[in-house]
Amino acid sequence: MSAVATIANVVGSGRTTAASAAREVTRLLAEADSRGLNATLHWSATNIAREAGAVDDRIRTGEANLPLAGVPVALKDNIVTTDAPTTCGSRILERYVSPFEATVVTRLRAAGALIAAKTNLDEFAMGSSTEHSAFGRVRHPMDSDLVPGGSSGGSAALVAAGVVPAALGSETGGSVLQPASFCGVVGVKPTYGRVSRYGLVAFGSSLDCISVFGRTVDDAARILAVISGLDPYDATTVDAPLPPAFVEARPLAGLRVGLPREYLPDDLHPGVRAGVDRAIARLRDLGATVVPVSLPHTAYAVPTYYVLAPAEAASNLARYDGARYGSRQPGPDGDLRGLYRATRGHGFGPEVRRRILVGTYVLSAGYYNAYYRKAQQVRNLLAADFTRAFREDRVDLLLTPTTPTPAFRAGEKTSDPVAMYLADIFVCGASLAGLPAMSLPAGRSDGLPVGVQLIAPAFGESQMLQVAAALEQVLPGDEETR
């Protein structure tokens, strides 16, 4: 039984209390802080105890429908709450407390979950290593010299360190799948529109997806089932059948899995390639057929993403001007532009400023058609590649590496933004196409976790999770890949 299921079962049945679960997660959070993990930006023992007391009161009064009773869940600190600051890892929102809470938070609390902590992240979710937080980098729980991945590195690190059984992150172009692979946990990105974005601070509005980390596939699936569904506050949500609340491994006879040639270059890290090869072998052992397919526009995924995402970011971050909310730095008296320059120059870090500049450039007169419009056209071609593979090649899922390498050392790529961006080369395609995808541990290379990625057709989470559950049983995440 998964950790989420175990906690919900013993708390919901009265064999223990949510207050006891609260005390345990408080102890673990304090230990993680003392280790210097720097994975949390805010947590309060008082708040956790208060939430636990409310859950215990609901159980005592006979409320039975609490699928996450007493389960501690951490939130990436770009998901708003009313009882803790939401900083987005940025000085410009350092003391900001939202007047409303995100839909996913409301749904978690309604299901009996405890909001354990707000986690560290790359500033405004812009990064691939969680080194771009205004409040210091997150350290990999296995080796403090390594990065946990990004931008949801704080959430991934807390799950990998055993502090919480599950956590929420946000995925715009790999920000959950990549750190899941680096940290050796399960990460699930749903179909765009499956989970409400209401209360998620916007980065790239056509890409952003609140996503889930879990220690196991079942952990992640149980959280995803609770937070999914139509939301009147978010017009992009879809009224589709919900993914399963729990996952059982399914027989794989008759399953066709596509292996995209473009995701397996000759220079792929040997440990990552070995993890993919092991997953292929296990799928075949379980009765699946693995066939080669082609996604011919894959090479354009990263440049397309780094035109579209900065363009949307430049638009979304225009509201941080020192006049409406967030911090304000005084400019010259009576000089509105000076106020904007002072506030944004002080409040935004270098990576955010870089992306705002790129986004403003590609949207500017004379360059819009050459860059932004062209990127939208290529995005359609990338989506068509996936559609063709699922329909014409008749594959049920795609299998790829999650990342080109295991976790890298802190500082190794910060001076070369392009090298950093390429860490997301295998994961940004699913975001551009709006498809569900997940990363599953597939062993280790020289002691470091490597992951494999499953990509499904739109709203195909149920089959994707069932196949992952079957693979999880025969694909030990701690086995050396070479």
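Just above, that's the structure.
These numbers were taken from a predicted model, which means no experiment stands behind them. (Residues numbered from 1 in each chain as written. Predicted model: local features only at pLDDT ≥ 70, side-chain atom pairs only at ≥ 80, totals over all residues. Heavy atoms only, no water.)

A. Layout of the packing of helix 11 (residues 350–363) against helix 12 (residues 368–391). At a minimum axis separation of 7 Å, helix 11 and helix 12 run at an interaxial angle of 105°. Taken together, helix 11 and helix 12 sit at an angle that is classed as roughly perpendicular. Of helix 12, the residues touching helix 11 (which contributes Tyr361, Val362 and Leu363) are Tyr368, Tyr371 and Tyr372. (Axes fitted to C-alpha atoms, helices over the stretch in contact; angles between N-to-C directions. Helix = DSSP H or I, 4+ residues; strand = E, 2+ residues; numbered from the N terminus. Parallel < 35°, antiparallel > 145°, perpendicular 65-115°, else oblique. Contact = heavy atoms within 4.5 Å.)

B. Representation of the sheet that holds strand 8 (residues 289–293) within the structure. One open sheet holds the 11 strands; their spatial order is 1-3-2-4-6-5-10-11-9-7-8, and the pairing between them is mixed. Pairing within the sheet leaves two strands with one partner each, and these edge strands are strand 1 (40–42) and strand 8. On average, each strand axis in the sheet is tilted by 35° relative to the strand beside it, whichever way the strands run. Relative to strand 11 (residues 448–455), strand 9 (residues 397–401) is paired through four bridges, and the arrangement is antiparallel. Note that in strand 11 the partner of Leu398 across the bridge is Ile455. Contacting strand 5 (186–189), strand 9, strand 10 (437–445) and strand 11, helix 15 (residues 461–474) runs over the sheet at an angle of about 15° to strand 10. (Pairing = 2+ DSSP bridges.)

C. The layout of surface pockets, seen in detail. One number sums up the size of the largest pocket: a volume of about 360 Å³. If you trace the largest pocket, you find 18 residues lining it, with Asp267, Pro404, Leu422, Ile425 and Phe426 closest to the centre. (1 Å grid on protein atoms, 1.4 Å probe; cavity = no way out; pocket = protein on both sides within 12 Å on 5 of 7 lines; lining within 4 Å. Points joined across faces, edges and corners; volume = space filled by probe spheres on them.)

D. Region of interest: the nonpolar core. Formed by 108 residues in total, the largest nonpolar core has its most connected members in Leu108, Phe124 and Leu168. A total of nine residues in this core trace back to one element, the largest contributor, which is helix 9 (residues 301–316). With residues near it in sequence (within four places) discarded, Phe124 still touches Cys88, Ser90, Ile92, Leu93, Val201, Phe203, Leu317, Tyr320, Phe348 and Val352. Residues Ala167, Ala180, Cys183 and Val185 belong to the second largest nonpolar core, which totals 32 residues. (Core = buried A, V, L, I, M, F, W, Y, C linked by side-chain atoms within 4.5 Å. Buried < 20%, exposed > 50% of the residue type's maximum accessible area, 1.4 Å probe, protein only.)

E. Focus on the packing of aromatic side chains. Scanning the model with the defined rule gives 13 aromatic pairs in all. With a centroid separation of 5.7 Å and an interplanar angle of 90°, the aromatic rings of Phe182 and Phe408 are classed as edge-to-face. In this pair, Phe182 is assigned in helix 6 (residues 177–183) and Phe408 in the loop between strand 9 and helix 13 (417–421), connecting sequence segments 226 residues apart. Aromatic pair Tyr198 and Tyr233: ring centres 4.7 Å apart, planes at 20°, arrangement stacked. (Phe/Tyr/Trp six-rings, centres within 6.5 Å; stacked < 30°, edge-to-face > 60°.)

F. A look at empty space enclosed by the protein. Within the structure shown, the criterion is met by four cavities of 30 Å³ or more. Taken together, 14 residues line the largest cavity, and the ones lying closest to its centre are His42, Asn47, Asp83, Ala84 and Ile115. Contributions of two or more residues to the lining of the largest cavity are made by helix 3 (45–60) and strand 3 (114–119). Looking at the lining of the largest cavity, its residues break down into six nonpolar, four polar and four charged. Approximately 60 Å³ is the volume found for the second largest cavity. (Nonpolar A, V, L, I, M, F, W, Y, C, P; charged D, E, K, R; others polar.)

G. Spotlight on the pattern of salt bridges. Scanning all chains against the criterion turns up 17 salt bridges. With its nearest N and O atoms 2.8 Å apart, the salt bridge here joins Glu94 to Arg91. Under the relative-accessibility criterion, Arg91 is labelled partly exposed at 32%. When the shortest N-O distance is used, the salt bridge between Asp145 and Arg409 registers 3.7 Å. Highlighted residues: Asp145 in the loop between strand 3 and helix 5 (153–160) and Arg409 in the loop between strand 9 and helix 13, separated in sequence by 264 residues. Accessibility expressed as a relative area gives 43% for Asp145, which makes it partly exposed. You can call Arg409 partly exposed: its relative accessible area is 43%. A single network of salt bridges, built from pairs that share partners, joins Arg50, Glu51, Asp83, Glu101 and Arg109. (Salt bridge = Lys/Arg side-chain N within 4 Å of Asp/Glu carboxyl O.)

H. Spotlight on helix 15. The end-to-end C-alpha distance of helix 15, which contains 14 residues, comes to 20 Å, matching closely the 20 Å that a straight helix rising 1.5 Å per residue would cover. Every buried residue of helix 15 is listed here: Glu461, Met464, Leu465, Val467, Ala468, Ala469, Ala470 and Leu471. Those residues of helix 15 that are buried are in contact with strand 5, helix 7 (217–227), helix 8 (270–285), strand 9, strand 10 and strand 11. (Expected span 1.5 Å × (residues − 1).)

I. Local environment of helix 4 (residues 103–110). Here helix 4 lies mainly inside the structure; six of its eight residues are buried. The set of residues buried in helix 4 consists of Thr103, Val104, Val105, Arg107, Leu108 and Arg109. Residues of helix 4 that are buried make contact with helix 3, strand 2 (72–76), strand 3, strand 4 (166–171), strand 6 (209–214) and helix 7.

J. Broad picture of the packing of helix 9 against helix 11. The interhelical angle for the contact between helix 9 and helix 11, taken along N-to-C directions, is 100°, at an axis separation of 7 Å. Between helix 9 and helix 11, the interaxial angle falls into the category roughly perpendicular. Two secondary-structure elements touch here, helix 9 through Tyr306, Val307, Pro310, Ala311 and Ala314 and helix 11 through Arg355, Ile356, Val358, Gly359, Thr360, Val362 and Leu363. Looking at the contact of helix 9 with helix 11 residue by residue, the classes come out as nine nonpolar, two polar and one charged.

K. Region of the structure containing the side chain of Asp424. Secondary-structure assignment places Asp424 in the loop between helix 13 and helix 14 (428–433). With no salt bridge to any partner, buried Asp424 finds its closest opposite charge in Arg355, at an N-O distance of 6.3 Å. Not counting residues up to four positions away in its chain, the partners in contact with Asp424 are Ser128, Gly173, Gly174, Gln178 and Tyr306. (Lys, Arg positive; Asp, Glu negative; His and termini not counted.)

L. View of the environment of Asn38. Along the polypeptide, Asn38 turns up in the loop between helix 2 (18–34) and strand 1. Along the chain, Asn38 and Thr119 lie 81 residues apart, while their C-alpha atoms are 8.7 Å from each other. Once residues within four sequence positions are removed from consideration, Asn38 is found in contact with Asn120, Phe135, Gly136, Arg137, Val138 and Arg139. Within the structure, Asn38 has its side chain in polar contact with the backbone oxygen of Arg137 (distance 3.0 Å). (Polar contact = N/O pair within 3.5 Å; in protein donor to acceptor, adjacent residues only side chain to side chain.)

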